[in-house]
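Coordinate analysis (summary)
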Amino acid sequence: MTRRKKMVERVTELMDNPEHIRNIGIVAHIDHGKTTLSDNLLAGAGMISEEIAGKACWMDSDEEEQARGITIDASNVSMVHEYNGEEFLINMIDTPGHVDFGGDVTRAMRAVDGAVVLVDAVEGTMPQTETVLRQALKEGVRPILFVNKVDRLINELKVDEMEMQIRLGKVIDKVNKLIKGMNEEAYNNGWKLDATEGTVAFGSALYNWAVSVPFMKKSGVSFKDVYEKCTEGDMKWLAKNSPLCSVVLDMVVRHLPNPQDAQKRRVPIIWQHGTKDTPEGKAMLTCDPKGPACLMVTDISFDQHAGEVATGRLFSGTLRRGTECYVMGTAKKVNRLTQVGVFMGAERIEVEALPCGNIAAVTGLKDAIVGSTVTTLMEMTPFESLKHYSEPVMTVAV
Ligand code: GDP
């Protein structure tokens, strides 16, 4: 069997098992390293070649993006990661790192259950870190933290080991303060970030290494090693002994919720006006693949071969080619699905049946727009509309 075929098999097997799925986004202020982190995670998980990572920028394909050198199109990728001997499917939605596209961050947050908040260790939190964190929390999305560019802290700012740890601690304190200020209840109920518990990792996306307290205990790599290897310029040792992909994706699997757990909490937030004991309400709260299908469209793109592709989060039911859907808020005309797919790496692959808890990519929804509620029922209360929250002070560098 070819490597690709094997991968398709693994992805399709995992997508039927919600406990083994994580839907995540990486959120950050521009230039803090989101593209570098995404590329290197994908390469580390074996979904793209390491030579392509960081060069081709699979997420920066749009012409406008390339011209401006920023990411504006929310793309989707998936990765398979092994944790404690079991495989997990990690669906990652790209979020734009530029404040002009804040609306896209909100859409992406609707589709995911967890967010890796990425902060540059040298710059610390910035206005856009606050904006994206607020959007995540409003959508009921759980945050974890990755403090990036630790190599710069050591090699450019020339801090000593003690100062390095103090600075990293300050970044965690600042993000915790933000979470507490934005949602004190969630903060008190376990969303407070804690390095010793493993909801924080530190590292260098560029040089492909990271550390977290649980991983340090397991591997024996210490902060002293980080400091020494950075000053000696031996990043390769760190990348080998404490790889970025393992540390960050272990943290994702261990601490971000699976769709079943997340939907119990998120459905009352994103479907506030819906009646919870209806068939669709019950199906979404329990992530039931046998219930009516309820999909929220978060992106529409154009594919040369397939035409318009609608991407979104399937909260209940199962989609198949030929499934008859209705788009809420439009004339009640049947929209018949012509293709049903999921993401594998950066590719979209067709599947026979797509169960809830996944990110779906479908064709045939001719009446849908971004934000549409799509269902197999003739009528249902739509999801809450997508709102964008911005901070009063913005500094934007293009
Ligand atoms: P984005 O705007 O958040 O997507 O940021 P990019 O991934 O494009 O990174 C912005 C710049 O920071 C690029 O020049 C990267 O090479 C650099 N960069 C990213 N991560 C690191 C890191 O861990 N260490 C260092 N020194 N530079 C980094």
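Residues numbered from 1 in each chain as written. Predicted model: local features only at pLDDT ≥ 70, side-chain atom pairs only at ≥ 80, totals over all residues. Heavy atoms only, no water.

For clarity, the cut-off: UniProt positions are given in the numbering used here, feature names are shortened, and annotations may be inferred rather than shown by experiment.
An unreviewed UniProt entry lists the protein under the name Elongation factor 2, from Methanomicrobium antiquum. Checking UniProt for the protein, the heading Subcellular location (unreviewed entry) contains the comment "Cytoplasm". In UniProt, the protein has this text filed under Sequence similarities (unreviewed entry): "Belongs to the TRAFAC class translation factor GTPase superfamily. Classic translation factor GTPase family. EF-G/EF-2 subfamily."

Things to note about the overall build of the protein
Our working rule: In this text, helices come from DSSP runs of H or I with a minimum length of four residues, and strands from runs of E with a minimum of two, each type numbered from the N-terminal end. Under the scheme applied here, a residue whose accessible area is under 20% of the maximum for its type counts as buried, over 50% as exposed, and between as partly exposed, the area being computed with a 1.4 Å probe on protein chains only. Every residue pair with non-hydrogen atoms within 4.5 Å of one another is taken to be in contact. All accessibility values rest on the Shrake-Rupley procedure with a 1.4 Å probe; residue burial counts only the protein chains present in the view.
Secondary structure summary: the protein contains 14 helices and 17 strands in total. Expressed as a percentage of the 398 residues in the protein, the buried residues total 57%. For the protein, the share of sequence-separated contacts (at least 6 apart) that also reach a separation of at least 24 residues comes to 72%. With the model as given, the accessible surface of the protein reaches about 16900 Å², and the carbon-plus-sulfur share is 48%.

Here we look at the nonpolar core
The condition is simple: What makes a nonpolar core is a set of buried Ala, Val, Leu, Ile, Met, Phe, Trp, Tyr and Cys residues whose side-chain atoms join them at distances within 4.5 Å.
If you look at the biggest cluster of nonpolar residues, it comprises 48 residues, and the most contacted ones within it are Leu 145, Met 164, Leu 168 and Phe 202. With 7 residues, helix α7 (residues 161-182) is the largest single contributor of residues to this core. Non-local contacts of Phe 202, meaning those with residues more than four positions away in its chain, are made with Phe 146, Val 147, Val 150, Leu 168, Ile 172, Ala 195, Trp 209, Ala 210, Val 211 and Phe 223. Leu 41, Ala 45, Met 92 and Val 116 belong to the second largest nonpolar core, which has 30 residues in total.

Quick notes on helix α14 (residues 279-286)
For the record, the criterion: Of all possible arcs, the one meant is that of the directions from the helix axis to the C-beta atoms.
The set of residues buried in α14 consists of Glu 280, Gly 281, Ala 283 and Met 284. Summarising the axial view, the buried residues of α14 lie within an arc of 170°, below the 170-degree limit, and thus occupy one face. Of the surrounding secondary structure, the elements contacted by the buried residues of α14 are α13 (259-270), β8 (294-303) and β9 (307-316). Of the residues one or two after α14, Cys 287 is the one with positive phi, at around 55°.

Things to note about the pattern of salt bridges
What counts here: Salt bridges, as used here, are contacts in which a Lys or Arg side-chain nitrogen is within 4 Å of a carboxyl oxygen on Asp or Glu.
Scanning the entire structure with this criterion turns up 18 salt bridges. Lys 229 is the salt-bridge partner of Glu 232, the closest N and O atoms lying 4.0 Å from each other. In this pair, Glu 232 and Lys 229 both sit in helix α10 (residues 223-232), 3 residues apart, roughly one turn of the helix. Glu 232 sits in the exposed class, given a relative accessible area of 55%. In this structure Lys 229 comes out as buried when scored by relative accessible area, which is 17%.

A few points about the side chain of Asp 151
As a reminder of what qualifies: By the counting scheme adopted, Arg and Lys are positive, Glu and Asp are negative, and His together with the chain ends is not counted.
For Asp 151, the position within the fold is in helix α6 (residues 150-155). No salt bridge is formed by the buried Asp 151; the nearest opposite charge belongs to Arg 152, separated by 6.4 Å. Setting aside residues no more than four positions away along its own chain, Asp 151 makes contact with Glu 156, Ser 204, Tyr 207, Trp 209, Cys 230 and Met 235.

Considerations on the sheet that holds strand β3 (residues 86-93)
Just so we agree on the cut-off: We call two strands paired when DSSP finds no fewer than two bridges between them. Each axis is a line fitted through C-alpha atoms, taken for helices only over the stretch in contact, and angles between the N-to-C directions span 0 to 180 degrees.
Spatial strand order, β2-β3-β1-β4-β5-β6-β7: 7 strands in an open sheet with mixed pairing. The open sheet has two free edges, formed respectively by β2 (76-83) and β7 (209-211), since each of these has just one partner strand. For this sheet, the mean inter-axis angle between neighbouring strands, taken without regard to orientation, is 30°. Bridge count for strand β1 (residues 21-28) against β3 is 5 bridges, and the pairing is parallel. From the neighbouring strand, Gly 25 faces β3, where its bridge partner is Ile 93. Most of the contacts of α7 go to strand β5 (residues 142-148), to which it runs at about 155°, and overall it touches β4 (114-120), β5 and β6 (200-204).

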